[in-house]
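Each chain, written out:
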Amino acid sequence: MKTILIKNGHVVNPLNRRDPVRVADVFIRDGKISKIAANLDRPSTDIIVNARGKIVSAGLVDMHVHLREPGREDKETIRTATRAAAIGGVTTLLGMPNTSPVIDNQTAVKFVLEKGRREGIVNVLTAGSLTKKMEGEELAEIWEMREAGASMIIDDCAETSGMGLRRLALKYCQTFGMPILTHPEDADLKADAVMNEGWTSTRLGLVGSPDSTESLVIARTLELLREVPTPYHFTHITTARSVKLIREAKKEGLPVSCDCTIHHICLNDEACLNYNTLAKVDPPLRSEDDRLALIEGLKDGTIDAIISDHAPHLLVEKFVPFAEAASGIVGLETLFPLAFTELVVKKILTLPEFFAKLTSNPAEIIRSNAGQIEEGGIADIAVFDTQKEWKIDKNNFKSKGRNTPFDGKKVFGRAAEVIVGGELIVQKGELLE
Amino acid sequence: MKRNAPLQLLANLKKARSGKNLSVLDLLSIDDLSLGDFELLFSLSEVFKKFVKRGEKKCELLKGKTIINFFNENSTRTRSSFELAGKHLGADVINISGSSSSGRKGETLGDSARTLDALNSDLLVIRDANAGAPFQLSKLVRTPIVNAGDGWHEHPTQALLEAFTLRERFGQRKLKYLFVGDALHSRVFGSQVRLYKKLGYEIRLAAPETLIPKNVEKFGVKVFYEIEKALEGVDAIHAIRLQTERAAGKFIATGREYSKNYCLSPARMTLAKKDVAVLHAGPVIREFDIRTEVLESPNCLVQKMVENSLPIRMAVEWLLITNSKKKIKPW
């Protein structure tokens, strides 16, 4: 394995409380970070990366990705998704289990992890489903999935009101120490909604879902967690009310965490005006007040992580009336530039705060040892060039998906070099293959 | 004298139009129209109305032009009114009705519209169950598009013909106007509320909370739960039909209870001005939306609205097809 020396970068390590940003060299040998120090002299290094003026951090950890494989390889595969991730500086991703078939047993978990090792170029992790076939009726074999390597369990019962089974499921996961993640959305309140309920939906004549669609599930779950205090993560929260509920729950000491997507940070529901199906997403883009509440939640630490919720679709699925269009946005390749532009360039988060939400925090939630840049640790590293402004072009995506409302947007921040397990996989912004 | 009717029509139209065009190439939403557009449409409609009323309805203004009514949702009155308007103008009109779901046959709605575009049609009149469908299609085709109703969103010509009817009755006064009933599921409401806001009307809505769109006050609407309080001083009342075909039934307990609270009954009408205009976009559900006594009273302008649907749609069709600006071929 080749040795790599990253010279003169601004090394950002949110876990290093005393010195979270410093100019230093990073030396990588045998897949590990061997040394981080200023002015390292390693004359026989195989690859030297000049990172002057650039940011060197742990590779990003995206804890919410729809890989589409198995089942919808026409939309995305593990091969293409991991290449998109690499270009985006994401070195570890967590796949969601709503594939076909559903990831609800050890064989399916092994399939995804094995395929990730063979065909992927970044670390592929997977979540498993709480119930068989995500039907919300019978518990899936959670212990076996854990043994096979599943990182988390998706509480797919949260959408329905079957509280009895849910309470048992929480206890079952608590037994095996499996962290749980949920998509808080009440199916009955959501009903036929295709966007946020508000002035925009009224103007467009589209059915909207109220804020309570989300906050109701969170409130209900918090009540259960008071009795069954097991680690629980709310994914892609969107409303001011949800931020408030989770902020209070954290103060109370409940074992909860949450994330929000990059598109909910950047856009509000007015992006749907003119029936822009590219802005149709689940959960829906909310009001400007909600967007600002998310930013507040990121600042005060209520929101732990930022995700892409990468959801590739075929173009034809967006090329139809709004109500019939598929929901989702591709995001692996735009996560970093959008987040950096919105949160760091606009001075909302400091560099360590920002990188914590994209590396160490999500890694901690999914109990992975990724997301750290420490001597002796695994060398998953990204070097970001944040000086040059560039324009997002969906036609350059490595993902099969082109469904983004951000095409043509000018942004700052791009992965120049990406290293996974000590191997250089992206150099000068291009895949090395 | 009678033989010269078309010639005279042409002269009157020329005078009323005086070289003007609509400010839009498609008629998709009242949002896009200016006060000047309303003036142009209303003055041309007056001319067309006189012409139609004289009995000799056919002229050759749009001879050799093709109008396609592309209706993906059930409609009788709107479709036949557009069809008749086109035929009066001498255009060839055909009707195509698809299934309500664009994907049912595997072809997207966009591809269907592009097919019609490639047949060199001169106007597409589109009705679709999906809000926004005409807007999305307008980006894909060269042919001008008229939105003849899209989901819960808008139905601009229906609003225009009612505004025209009110103008005949009240002139250009800024009216106090009351909607009663299911605003949530009504595309006619969607267009009217935009139009009357632009015309400076004072707009009220009386309905149960379950049938009121979120943030409707941003349209400049004052909301009442009790129709009795809303009736005071209004010049016009529009009863909105409960859109039971859009599953509005579950938004109220029973039709009986609804009509007890919101039906335009003779007793309620005594609370309004004597010359108040009663309006409805049809089809009327008697004794539910409006009591027969009120429907057949001189206050009721429902038949006038149907009559006015022709001249308004003739004006729309003529203006869009003969617009001197053309859309750029999008493909």
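Residues numbered from 1 in each chain as written. Chains lettered and ligands numbered in written order. Predicted model: local features only at pLDDT ≥ 70, side-chain atom pairs only at ≥ 80, totals over all residues. Heavy atoms only, no water.

1. Quick word on the domain arrangement of chain B
Residue and element names in this part refer to chain B. Heads up, the condition is: Domain borders in the structure are assigned automatically or taken from a domain database. Two residues form a contact once any of their heavy atoms are found within 4.5 Å. Each of two parts loses accessible area, computed with a 1.4 Å probe, when they are put together; buried area is these two losses added.
By the assigned domains, chain B splits into domain 1 (2-151 + 307-321) and domain 2 (157-300). In this structure, domain 1 and domain 2 have C-alpha centres spaced 26 Å apart. Listed by partner, the interface residues are 28 residues for domain 1 and 20 residues for domain 2. In this assembly, domain 1 packs against domain 2 so that about 2,000 Å² is buried in total across both faces, 59% of it on carbon and sulfur atoms. Sorting the residues of domain 1 by area buried against domain 2 places Ile30, Phe42 and Asn308 first, and these three jointly supply 29% of that buried surface.

2. Looking at the sheet that holds strand 9 (residues 152-154) of chain A
All names here are of chain A. For the record, the criterion: Two strands qualify as a pair provided that DSSP identifies no fewer than 2 bridges between them. Helix numbering and strand numbering both begin at the N terminus, where a helix is a DSSP run of H or I of at least 4 residues and a strand a DSSP run of E of at least 2. Throughout, an axis means a line fitted to C-alpha atoms (over the contacting stretch in the case of helices), and angles, computed between N-to-C directions, take values from 0 to 180 degrees.
Strand order across the open sheet formed by 8 strands is 6-7-8-9-10-13-14-15, with parallel pairing between neighbours. The two strands at the open ends of the sheet, each matched to only one other strand, are strand 6 (60-65) and strand 15 (305-307). Within the sheet, the average angular offset between the axes of one strand and its neighbour, ignoring direction, is 30°.

3. Structural notes on the pattern of salt bridges
So the rule is basically this: The rule for a salt bridge is simple: a side-chain nitrogen of Lys or Arg has to be within 4 Å of a carboxyl oxygen of Asp or Glu. Burial status follows relative accessibility: with a 1.4 Å probe on protein chains alone, a residue under 20% of its type maximum counts as buried, one over 50% as exposed, and anything between as partly exposed.
Enumeration over the complete set of coordinates arrives at 46 salt bridges over all chains. In this structure, Asp282(A) engages Lys190(A) in a salt bridge whose closest nitrogen and oxygen atoms are separated by 2.9 Å. Of this pair, Asp282(A) sits in the loop between helix 9 (262-266) and helix 10 (288-299) while Lys190(A) sits in helix 5 (residues 187-190); the two residues are 92 residues apart in sequence, bridging distant segments of the chain. Residue Arg167(B) is joined to Glu39(B) by a salt bridge in which the shortest nitrogen-to-oxygen separation is 2.9 Å. You can see Arg167(B) sitting in helix 6 (residues 156-170) and its partner Glu39(B) sitting in helix 2 (residues 35-53), a full 128 residues away along the chain. With relative accessibility at 17%, the residue Arg167(B) sits in the buried group.

4. Thoughts on the nonpolar core
Test applied: Take the buried residues of types Ala, Val, Leu, Ile, Met, Phe, Trp, Tyr and Cys, join any two whose side-chain atoms come within 4.5 Å, and each joined set is a nonpolar core.
Counting 112 residues, the largest nonpolar core has Leu222(A), Phe234(A), Ile237(A) and Phe354(A) as the members making the most contacts within it. By residue number, the principal contributor to this core is helix 11 (residues 335-345) of chain A, which donates 7 residues. Apart from the residues within four sequence positions on either side, Phe354(A) is in contact with Phe336(A), Ala339(A), Phe340(A), Leu343(A), Val344(A) and Leu349(A). Residues Ala85(B), Leu123(B), Leu195(B) and Leu301(B) belong to the second largest nonpolar core, which totals 69 residues.

5. Some points on the sheet that holds strand 7 (residues 221-224) of chain B
Residues and elements named next belong to chain B. One open sheet holds the 5 strands; their spatial order is 7-6-5-8-9, and the pairing between them is parallel. Strand pairing shows two members of the sheet lacking a second neighbour, strand 7 and strand 9 (277-279), which therefore form its edges. When the angles between neighbouring strand axes are averaged without regard to direction, this sheet yields 20°. Pairing geometry for strand 5 (residues 176-181) and strand 8 (residues 236-240), over 5 bridges, is parallel. The partner of Val180 across the bridge, within strand 8, is Ala239. Running at roughly 165° to strand 9, helix 6 makes contact with strand 5, strand 8 and strand 9 of the sheet.

6. Some points on the interface of chain A and chain B
Under the convention used in this document: Any pair of N or O atoms that falls within 3.5 Å is considered a polar contact. Within protein, one atom must be able to donate a hydrogen and the other to accept it, and sequence-neighbouring residues count only if both atoms are side-chain atoms. Under the scheme applied here, ten amino acids are nonpolar (Ala, Val, Leu, Ile, Met, Phe, Trp, Tyr, Cys and Pro), four are charged (Asp, Glu, Lys and Arg), and all others, including Gly, are polar.
Residue-level contacts link 19 residues of chain A with 24 residues of chain B. Taken over both partners, the interface formed by chain A and chain B buries close to 1,700 Å², and the fraction arising from carbon and sulfur atoms is 63%. It is Trp199(A), Tyr275(A) and Phe319(A) that lose the most area in chain A upon contact with chain B, and together they represent 35% of the buried surface on that side. For the pair chain A and chain B, the number of links is 1 salt bridge. Between Lys214(B) and Glu197(A) there is a salt bridge; the shortest N-O distance is 4.0 Å. Put simply, chain A and chain B have 7 residue pairs in polar contact (both at pLDDT 80 or more) between them. Residue classes in the side of chain A that touches chain B are distributed as 11 nonpolar, 5 polar and 3 charged.

7. Examining the packing of helix 7 (residues 212-227) of chain A against helix 8 (residues 240-252) of chain A
Residue and element names in this part refer to chain A. The condition is simple: Working definition: roughly parallel below 35 degrees, roughly antiparallel above 145 degrees, roughly perpendicular at 65 to 115 degrees, and oblique for all remaining angles. If you view the pair so one helix is near and one far, a crossing is left-handed when the near helix is turned anticlockwise from the far one by less than a right angle, and right-handed when it is turned clockwise.
The N-to-C vectors of helix 7 and helix 8 enclose an angle of 15°; their axes lie 9 Å apart at closest approach. In terms of orientation, helix 7 lies roughly parallel with respect to helix 8. The hand of the helix 7/helix 8 crossing is left-handed. Within the contact between the two elements, helix 7 uses Glu214, Ser215, Ile218, Ala219, Leu222 and Arg226 and helix 8 uses Arg241, Ser242, Leu245, Ile246, Ala249 and Glu252. Broken down by class, the residue content of the contact of helix 7 with helix 8 amounts to 6 nonpolar, 2 polar and 4 charged.

8. A closer look at the side chain of Thr277(A)
By the secondary structure assignment, Thr277(A) is in the loop between helix 9 and helix 10. With a relative accessible area of 7%, Thr277(A) lands in the buried category.

9. Considering the confidence of the model for chain B
Quick note on the threshold: pLDDT expresses how confident the predictor is about each individual residue, on a scale running from 0 to 100.
Residue-level pLDDT values for chain B average 92, and 95% of them are 70 or greater. Scored as a whole, the predicted complex attains pTM 0.93, and scored at its interfaces, ipTM 0.92.

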